[in-house]
Amino acid sequence: MMDWTDRHCRAFHRALSSHALLYTEMVTAPAVLHGDRDKLLGFDAVEHPVALQLGGSDPAQLAEAARIGESYGYDEINLNVGCPSDRVQSGKFGACLMREPELVADCMAAIREAVSVPATVKCRIGVDDQDPEVSLFATVDASAAVGIDTFIVHARKAWLKGLSPKENRDVPPLDYALVRRLKRERPHLSISINGGIPDLDQAEAHMAADDGVQLDGVMLGRAAYHEPALLGQADRRMFGAATADVDAYEALARYRPYLVARLEEGVHLAHMTRHLLGVMHGRAGARAFRRILTVESVKAGAGIDVVDRAIEAVREAEARMEVREDAA
């Protein structure tokens with residue numbers, strides 16, 4: 001979710017769900033070591049629990065980056081073994097590492113030794129012409145042998161030759177059954193499933209143990225980003241919390257103090273409101289909500305009043321709809 005799940009996005013998603021584990025964008029280990037750490041790693045305390053996702057293939061660099069991440073307060077350090085972008089291919093990390101399970105294991109051993117928080121792996125089922133039944137198990141088994149017990153599996157291959165990063169999110173066929181088989185044959189490991197899951201109905205279906213396999217989690221990416229309001233039901237439906245669902249209005253009210261605080265620090269409103277565009281999906285006035293945020297947030301000096309006007313546009317549209325329904 002590079003360029004999507006930044007700190008502003010995560011703070012908003014936390015306003016919708018108290019229990020979901022949030023993940024950062026992938027940050028490369030060299031960037032952590034040599035770049036602006038506060039910019040790359042800084043986050044608001046409201047985001048907990050939150051995992052830092054690292055990219056890289058040098059065990060020593062990853063260990064040091066993990067130590068730094070833990071010092072910033074992250075609750076988990078995750079190694080990305082699934083990103084198919086051109087940049088990761090040139091740098092020998094991300095999905096390229098599916099070809100080198102022993103190197104992944106070396107990296108994970110170094111990370112695990114460096115930190116006291118959980119060290120986890122997010123991977124694909126294979127790349128290019130690999131046999132997923134071999135590559136997935138080889139990657140998982142090599143890391144499990146050095147003490148890693150938590151894996152998030154995107155149930156698609158990554159085609160590093162011939163497909164763009166965008167196409168790699170849709171074109172390779174999903175193989176959910178292989179991920180379930182991994183859990184069946186490695187029941188002592190924590191296995192979460194990812195890839196093409198559009199809503200909480202499907203997430204609940206994946207968590208059902210109708211075939212005798214009980215997965216340990218479901219990761220939502222694009223669905224949670226494009227229609228974030230679905231996260232407002234996650235605590236009740238996925239975690240069994242005895243709490244009321246959080247609707248879009250309540251989430252925006254919870255997020256408002258964060259927006260105000262960041263605006264006072266000089267953060268441009270558009271950097272935050274771009275993550276809100278889908279929250280009114282399916283409601284009357286959703287188009288007006290998106291238009292106001294998109295057009296007005298980019299203007300110099302844009303403030304919290306822009307968000308208030310966008311919310312009011314939805315309330316007014318819903319009120320008009322109620323009047324029409326009463327008249328009918």
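As the structure is a computational prediction, the values presented were derived from the model and not from experiment.

## Structural notes on the environment of threonine 150
Working step 1: Structurally, threonine 150 is set in strand 6 (residues 150-154).
Working step 2: Residues threonine 150 and lysine 299 lie 149 residues apart in sequence; the distance between their C-alpha atoms is 44 Å.
Working step 3: If we ignore the near neighbours within four places in the chain, the residues touching threonine 150 are Thr120, Val121 and Ser190.
Working step 4: In terms of polar contacts, threonine 150 uses its side chain to reach the side chain of aspartate 149, at 2.9 Å.

## What to know about the packing of aromatic side chains
Working step 1: If you walk through the whole model with that rule in mind, you get 4 aromatic pairs.
Working step 2: Pairing tryptophan 4 with tyrosine 225 gives two aromatic rings, centres 4.8 Å apart and planes at 25°, and the pair type is stacked. Within this pair, whereas tryptophan 4 is found in the segment before helix 1 (7-16), its partner tyrosine 225 is found in helix 10 (residues 222-226), the two being separated by 221 residues in sequence.
Working step 3: Each ring, one from phenylalanine 43 and one from tyrosine 74, has its centre 4.4 Å from the other, and the planes form 40°; the classification is tilted.

## Looking at the sheet that holds strand 6
Each strand in a sheet pairs with its neighbour through backbone hydrogen bonds, running either in the same direction (parallel) or in the opposite one (antiparallel).
Working step 1: Read from one edge to the other, the open sheet built from 7 strands follows the order 1-2-3-4-6-8-9, with strand pairing classed as parallel. What marks the edges here is a single partner per strand, and that holds for strand 1 (22-28) and strand 9 (217-219). In this sheet, neighbouring strand axes are inclined to one another by 25° on average, regardless of whether the strands run parallel or antiparallel.
Working step 2: In this structure, strand 3 (residues 76-81) lies alongside strand 4 (residues 119-123), joined through 5 bridges in parallel fashion.

## Let's talk about the nonpolar core
Here is a general trend for soluble globular proteins: nonpolar side chains tend to be buried in one another's company.
Working step 1: In terms of nonpolar packing, the biggest core is built from 93 residues, with Ile77, Ile111, Val153, Tyr255, Met280 and Phe289 touching the most fellow members.
Working step 2: With residues near it in sequence (within four places) discarded, valine 153 still touches Cys123, Arg124, Ile125, Leu136, Val179, Leu182, Ile191, Ser192, Ile193 and Asn194.

## Considerations on helix 12 (residues 248-264)
Working step 1: Spanning 17 residues, helix 12 covers 24 Å between terminal C-alpha atoms, matching the ideal 24 Å at 1.5 Å per step.
Working step 2: Maximum bend of helix 12: about 35°, positioned at tyrosine 255, with proline proline 257 one to four residues after it.
Working step 3: Near the N-terminus of helix 12, the side chain that reaches the backbone nitrogen of tyrosine 249, with its oxygen 3.2 Å away, is that of aspartate 247.

## Topic: the packing of helix 6 (residues 101-114) against helix 7 (residues 132-144)
When two helices pack together, their arrangement is given by the angle between the helix axes and by the axis-to-axis distance.
Working step 1: In the contact formed by helix 6 and helix 7, the axes pass within 8 Å of each other and the chain directions differ by 30°. Here helix 6 runs over helix 7; the crossing is right-handed. Contacts from Pro101, Glu102, Val104, Ala105 and Met108 of helix 6 reach helix 7 at Ala138, Thr139, Ala142 and Ser143.
Working step 2: Grouping the constituent residues of the contact of helix 6 with helix 7 by class yields 6 nonpolar, 2 polar and 1 charged.

## Digging into the pairing of strand 6
Working step 1: Strand 6 sits mainly inside the fold: 5 of its 5 residues count as buried.
Working step 2: Residue alternation in strand 6 divides its side chains into two sets, Thr150, Ile152 and His154 and Phe151 and Val153, and both sets are buried.
Working step 3: In the sheet, strand 4 pairs with strand 6 via 3 bridges, with the strands oriented parallel. For lysine 122, the partnering residue across the bridge sits in strand 6 and is isoleucine 152.
Working step 4: With 5 bridges connecting them, strand 6 and strand 8 (residues 190-194) associate as parallel partners.

## A short note on the packing of helix 7 against helix 8 (residues 176-185)
Working step 1: Close contact between helix 7 and helix 8 brings their axes to 11 Å; oriented N to C, the two are set at 45°. Accordingly, the angle class assigned to the pair helix 7 and helix 8 is oblique. Between helix 7 and helix 8 lies a crossing of right-handed hand. Residue-level contacts link Pro132, Glu133, Leu136, Phe137 and Val140 of helix 7 to Leu178, Arg181, Leu182 and Glu185 of helix 8.

## Some points on helix 14 (residues 286-296)
Working step 1: Regarding helix 14, the residues found buried are Ala286, Phe289, Ile292 and Leu293. With its buried residues spanning 130° around the axis, helix 14 presents them on a single face. Residues of helix 14 that are exposed and point more than 90 degrees away from the buried face comprise Arg287 and Arg291.

Calculation rules
- Residues numbered from 1 in each chain as written.
- Predicted model: local features only at pLDDT ≥ 70, side-chain atom pairs only at ≥ 80, totals over all residues.
- Heavy atoms only, no water.
- Helix = DSSP H or I, 4+ residues; strand = E, 2+ residues; numbered from the N terminus.
- Contact = heavy atoms within 4.5 Å.
- Polar contact = N/O pair within 3.5 Å; in protein donor to acceptor, adjacent residues only side chain to side chain.
- Phe/Tyr/Trp six-rings, centres within 6.5 Å; stacked < 30°, edge-to-face > 60°.
- Pairing = 2+ DSSP bridges.
- Axes fitted to C-alpha atoms, helices over the stretch in contact; angles between N-to-C directions.
- Core = buried A, V, L, I, M, F, W, Y, C linked by side-chain atoms within 4.5 Å.
- Buried < 20%, exposed > 50% of the residue type's maximum accessible area, 1.4 Å probe, protein only.
- Expected span 1.5 Å × (residues − 1).
- Bend = angle between axes of the 7 residues up to and from the residue.
- Left-handed = near helix turned anticlockwise from the far one by under 90°.
- Nonpolar A, V, L, I, M, F, W, Y, C, P; charged D, E, K, R; others polar.
- Parallel < 35°, antiparallel > 145°, perpendicular 65-115°, else oblique.
- Arc of directions from axis to C-beta.

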